[in-house]
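Here are the chains, one letter per residue:
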Amino acid sequence: MALFIRILWILPLIFWSVLLLPTGLLLRQITSDHLTGELGLILCVGLCGASLLLSPHRKPVLITVTDLLAAGYMAYMTIQATVLRPHPVPGILVLKFLSVGTMYVAVRTMDSRQRRCGLALVGAFALLESLFILLQRGGMLASRHLLFNHTGSFFNPGLAGGFLACGLCILGYFFLRTSNRVRKIALAAGALPLVYALFLTDSRAGWLAALAGGGYGLWMRYGRAVPGGKGLSGKRLGIWSIGILALWVGLLGLYRYKTDSADGRLFIWRNTLAMVREKPLSGHGFGTLREIYPRYQARFFRAHPDSSRALVAASPFHPFNEYLSVLAAHGVIGFLFLAGILVSVFCRPTPGPQPSCRSVLATYCVFAFFHTPPEIIECCSFFSSWWLPIPVNRF
C-alpha cells in the first residue's frame, strides 16, 4: 500500500514533466496544434486523475473562495460558449478550455510538497529553454521565427522571455526559501543563463515582468518588516516613491526602445477597447477576435483615412493583453470573475513562505499585460502553471 501511494505521489509529477516538454521545437515537423492540444488534454486528465486518486490518502482539500470563483468563471464560459456565442466554438479552444480546467483541479488537489516540486520542474524547464536560446545564439539550433533568432522552443521571443521571467522568479523563490549556502550558490549560478537568455530574447515584457515579480517577492519577504506601525512612515513612503518612479521610468524607456512595436500594440488595444464598448457585458465570445477585429480596424481607417497608424496595422490573433482579451471575449462578467480570483489570491494574508512564492503569479500577471499566452495552445502547459503558487488550505 505504501508503494502504491508513493507511485501515485510521483505520477502527477511525471505527467507534469511530459506536459512541459517543448513539443513545439522537438516535434514541430510532425505535430499540429490540434494534435498538440489533444496530447496536452490527455496528459492533463492523467495528471488530474492521479492527483484525485491520491487525495483520499491525505488531509481533505478545503474549498476556498478562489475555487468558487474559478468554478463560476468556468461555468460562465461554458454557458457563453454553448448559448450566447452565435457560432460553434472551434475544437482547439475546447481542448484549451478542458486542459486548463483539469490542470486547475489537479494542482488544487496536490499537497504543498508536490507543488514545490512542480515549481522546481517549471524552473528546470526554464533552464532548458535558456539552453535552447544559447544554442540558437551559437548557430547550432534554428529559430522557429524567420525574423527573430532567439525564440527557444516558442514561435515568438516575447513568449520565451515571459517564460524565462517566470523561471527567474521561481529560482528567486527557492533562493529566499533555503538557508543552505550550497543551494544558494547553485540557484544563483542557474539564474545566470536565464538572465543572459532573457537578454537575447530582447523581450521588454519579459524584463518588466521579471523585475516586477522579483520586486514583489523581495517586498513580501523584507519590505513589510520595515518599522512604522500601521501608518505610512518615511521609510515606507520612500520605498513606494522609488518603486513608482522606477516603474514609470522603466515603462517610458521600454516604449522608447521600440516605438513602432509599442505603437502597434497601442493601436490594437484601442480597437479592442472599441470591441469591448460594443458588447461590454457578455463580450463577443470565444475565439472571435481574429474574425471581428478587422471590422473595427477598418472602421477606424474609414474615420481617419490619413492616419499614420496604417504603418502599424495588422490582423492579430490576440490583442497582446490578456485582460483586454478577457474583456473582449467574455465581457465585464468574465473580467470580474478573473479579477476576483486574482484578488482572492493576492489580498488574503498567508503565513510562511507563500507570499514570496506568489511572486511567480505576480510575474505572470505583469507579463499578461503585454501578451496573451493562453491563446496559444502550446503555451497553456507552461503558463497555466501559475496556479502552483496558490496556498494550500489557507483561505
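What counts, and where the lines are drawn
- Residues numbered from 1 in each chain as written.
- Predicted model: local features only at pLDDT ≥ 70, side-chain atom pairs only at ≥ 80, totals over all residues.
- Heavy atoms only, no water.
- Phe/Tyr/Trp six-rings, centres within 6.5 Å; stacked < 30°, edge-to-face > 60°.
- Helix = DSSP H or I, 4+ residues; strand = E, 2+ residues; numbered from the N terminus.
- Buried < 20%, exposed > 50% of the residue type's maximum accessible area, 1.4 Å probe, protein only.
- pLDDT = per-residue confidence, 0-100.
- Contact = heavy atoms within 4.5 Å.
- Salt bridge = Lys/Arg side-chain N within 4 Å of Asp/Glu carboxyl O.
- Axes fitted to C-alpha atoms, helices over the stretch in contact; angles between N-to-C directions.
- Nonpolar A, V, L, I, M, F, W, Y, C, P; charged D, E, K, R; others polar.
- Expected span 1.5 Å × (residues − 1).
- Bend = angle between axes of the 7 residues up to and from the residue.

## Quick word on the packing of aromatic side chains
Part 1 of the reasoning: Scanning all chains against the criterion turns up ten aromatic pairs.
Part 2 of the reasoning: Between the aromatic rings of Phe 267 and Phe 300, the centroid separation amounts to 5.1 Å while the plane-to-plane angle is 70°, which identifies the pairing as edge-to-face. Linking Phe 267 in helix 11 (residues 259–278) with Phe 300 in helix 12 (residues 289–303), this pair joins segments that are 33 residues apart in sequence. Each of the two residues, Phe 267 as well as Phe 300, counts as buried.
Part 3 of the reasoning: An angle of 45° between the planes, with centres 4.6 Å apart, marks the rings of Tyr 323 and Phe 369 as tilted. Of this pair, Tyr 323 sits in helix 13 (residues 322–346) while Phe 369 sits in the loop between helix 15 (359–367) and helix 16 (380–383), and the two are 46 residues apart along the sequence.
Part 4 of the reasoning: On the basis of relative accessible area, Tyr 323 is assigned to the buried category, the value being 13%.

## Considerations on the confidence of the model for the protein
Part 1 of the reasoning: In the predicted model, the protein carries a mean pLDDT of 76, and 71% of its residues have values of at least 70.
Part 2 of the reasoning: Confidence, expressed as mean pLDDT per element, reaches its minimum in the protein at helix 16 with 56 and its maximum at helix 8 (residues 181–201) with 93.
Part 3 of the reasoning: Across residues 225–232, where pLDDT falls below 50, the model places nine contacts with residues more than four positions away in sequence or in other chains.

## Quick notes on unusual backbone geometry
Part 1 of the reasoning: Despite not being glycine, Asp 202 shows a phi value in the positive range, around 60°.
Part 2 of the reasoning: Counting through the fold element by element, Asp 202 comes out in the loop between helix 8 and helix 9 (204–221).
Part 3 of the reasoning: For Asp 202, a relative accessible area of 28% corresponds to the partly exposed category.

## With respect to the pattern of salt bridges
Working definition: two side chains of opposite charge can pair if their charged atoms are close together.
Part 1 of the reasoning: For the structure shown, the criterion picks out one salt bridge.
Part 2 of the reasoning: Residues Arg 299 and Glu 278 are paired through a salt bridge, measuring 3.7 Å at the closest nitrogen-oxygen approach. Of the two residues, Arg 299 is situated in helix 12 and Glu 278 in helix 11; the sequence distance between them amounts to 21 residues.

## Comments concerning the packing of helix 8 against helix 9
Part 1 of the reasoning: In the contact formed by helix 8 and helix 9, the axes pass within 8 Å of each other and the chain directions differ by 145°. Across the interface between the two elements, Val 195, Leu 198 and Phe 199 from helix 8 touch Gly 206, Trp 207 and Ala 210 from helix 9.
Part 2 of the reasoning: Of the residues contributing to the contact of helix 8 with helix 9, the split by class is five nonpolar, one polar and no charged.

## Description of helix 13
Part 1 of the reasoning: When the terminal C-alpha atoms of helix 13 are compared, their 18 Å separation across 25 residues is substantially less than the 36 Å that a helix rising 1.5 Å per residue should span.
Part 2 of the reasoning: Maximal helix bending in helix 13 amounts to about 130°, located at His 330.

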